[in-house]
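This is what each chain is made of:
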Amino acid sequence: MTLRLGSIAPDFEAKTTKGDIKFHDFIGDKWAILFSHPADFTPVCTTELGLVAALQDEFDKRNVKVIGLSANDLDSHEKWINDINEISNVDLQFPIIADADRKVSELYDMLDHQDATNIDAKGVPFTVRSVFIVDPKKTIRLILTYPASTGRNFDEILRVIDSLQLGDKHRITTPGNWKKGDDVIVHPSVSTEEAQKLFPKGVKVVRPYLRLTPSPF
Ligand code: BEZ
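Definitions and cut-offs
Residues numbered from 1 in each chain as written. Predicted model: local features only at pLDDT ≥ 70, side-chain atom pairs only at ≥ 80, totals over all residues. Heavy atoms only, no water. Helix = DSSP H or I, 4+ residues; strand = E, 2+ residues; numbered from the N terminus. Buried < 20%, exposed > 50% of the residue type's maximum accessible area, 1.4 Å probe, protein only. UniProt positions renumbered as here; feature names shortened; annotations may be inferred. Contact = heavy atoms within 4.5 Å. Pairing = 2+ DSSP bridges. Salt bridge = Lys/Arg side-chain N within 4 Å of Asp/Glu carboxyl O. Expected span 1.5 Å × (residues − 1). Near = heavy atom within 4 Å. Polar contact = N/O pair within 3.5 Å; in protein donor to acceptor, adjacent residues only side chain to side chain. Areas by Shrake-Rupley, 256 points an atom, 1.4 Å probe, with all protein chains shown as cover.

Points about unusual backbone geometry
For step 1, the next point in the chain: Positive phi, normally seen in glycine, also occurs at Asn89, with a value near 55°.
For step 2, the next point in the chain: Along the chain, Asn89 turns up in the loop between α4 (74-88) and β5 (96-98).
For step 3, the next point in the chain: Since its relative accessible area comes to 70%, Asn89 is described here as exposed.
For step 4, the next point in the chain: Unusually for a residue other than glycine, Asn177 sits at a positive phi of about 65°.
For step 5, the next point in the chain: Within the secondary structure, Asn177 is located in the loop between β8 (172-173) and β9 (184-186).

Below you can see the structure in the form of structure tokens.
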């Protein structure tokens, strides 16, 4: 099954560093970020998980639960978390799925058999750097895949969460490089006349198809 934006995130049961979970129950009525990394005790991944741990308050503020994954076992994850905490001076609290049998990685298409930069010594693919943002209805709202060589920018993931959550509340979209507090774009489905009523802070018509309004945050 190919996962797309708009697909329901497949449910699964898994062992994690915070106990056994059923993914949909884990999400509950919150948002979720499911992200995978190639392997425990690898340098880029260590910095990434340290960053995510440091951003825990930012995820909490946005009602987002975070869960990591690699195809390593629980014992390995637990030892690695000690390293991450020490190196990044954090207290990593989010669960990491122990997907040694690769069931979840297969389900979420996190194994790229064509990527020669992300294989172990035996030629077996590691999990890629995937990110899935899932909303409270369990719908996939963002899919990202990064190469093994490049650590992800988790400020960007937070930025997308801000955009998606704002767009779910108001009839707006967000421009390139937008960040929380910047002007937003009136959704194309809203007429300019309707926009004047919906957005009392004002509507600036740059072109009939590009109308800006101050952020409703
Ligand atoms: C890393 O996390 O540093 C890494 C993992 C797999 C391949 C290359 C780099």
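With respect to the side chain of His37
For step 1, the next point in the chain: On the secondary structure map, His37 appears in the loop between β3 (31-36) and α2 (43-54).
For step 2, the next point in the chain: Owing to a relative accessible area of 0%, His37 belongs among the buried residues under this scheme.

Focus: the UniProt feature "active site" (unreviewed entry) in the protein chain
For step 1, the next point in the chain: According to UniProt, the positions carrying the feature "active site" (unreviewed entry) are Cys45.
For step 2, the next point in the chain: Position of Cys45 among the secondary structure elements: in helix α2.
For step 3, the next point in the chain: The exposure class assigned to Cys45 is buried, which follows from its relative accessible area of 1%.
For step 4, the next point in the chain: Setting aside its immediate chain neighbours within four residues, Cys45 contacts His37, Pro38, Ala39, Trp80 and Arg129.

Focus on the sheet that holds strand β10 (residues 204-207)
For step 1, the next point in the chain: The four strands are arranged β8-β9-β11-β10 in an open sheet whose pairing can be described as antiparallel. The two strands at the open ends of the sheet, each matched to only one other strand, are β8 and β10.
For step 2, the next point in the chain: One ladder, built from three bridges, connects β10 with strand β11 (residues 210-213); its direction is antiparallel. Note on β11: the bridge partner recorded for Lys204 is Leu212.

Here's the deal with the pattern of salt bridges
For step 1, the next point in the chain: A full pass over the atoms with the stated rule returns 14 salt bridges.
For step 2, the next point in the chain: A salt bridge links Glu58 to Arg62; its shortest N-O distance comes to 2.7 Å.
For step 3, the next point in the chain: Residue class for Glu58 comes out partly exposed when judged on its relative accessible area of 24%.
For step 4, the next point in the chain: Between Arg141 and Asp135 there is a salt bridge; the shortest N-O distance is 3.0 Å.
For step 5, the next point in the chain: The exposure class assigned to Arg141 is partly exposed, which follows from its relative accessible area of 22%.
For step 6, the next point in the chain: For Asp135, a relative accessible area of 7% corresponds to the buried category.
For step 7, the next point in the chain: The structure contains a network of salt bridges with shared partners spanning Glu58, Lys61, Arg62 and Asp162.

Comments concerning α2
For step 1, the next point in the chain: Taking 1.5 Å per residue, twelve residues should reach 16 Å; α2 reaches 17 Å between its end C-alpha atoms and fits that length.
For step 2, the next point in the chain: Inspection of α2 places Cys45, Thr46, Glu48, Leu49, Gly50, Val52 and Ala53 among the buried residues, and these make up the whole buried set.

Focus on the site of the ligand
For step 1, the next point in the chain: Close to the ligand lie Pro38, Thr42, Pro43, Val44, Cys45, Asn118, Arg129 and Ala148.
For step 2, the next point in the chain: The separation between an oxygen atom of the ligand and a polar side-chain atom of Thr42 is 3.0 Å.
For step 3, the next point in the chain: Within the contact set of the ligand, an oxygen atom lies 3.3 Å away from a backbone nitrogen or oxygen of Pro43.
For step 4, the next point in the chain: Here the ligand loses 80% of its free accessible area of 270 Å² to cover by the protein chains.
For step 5, the next point in the chain: Of all the elements, α2 adds the most residues to the shell around the ligand, at three residues.

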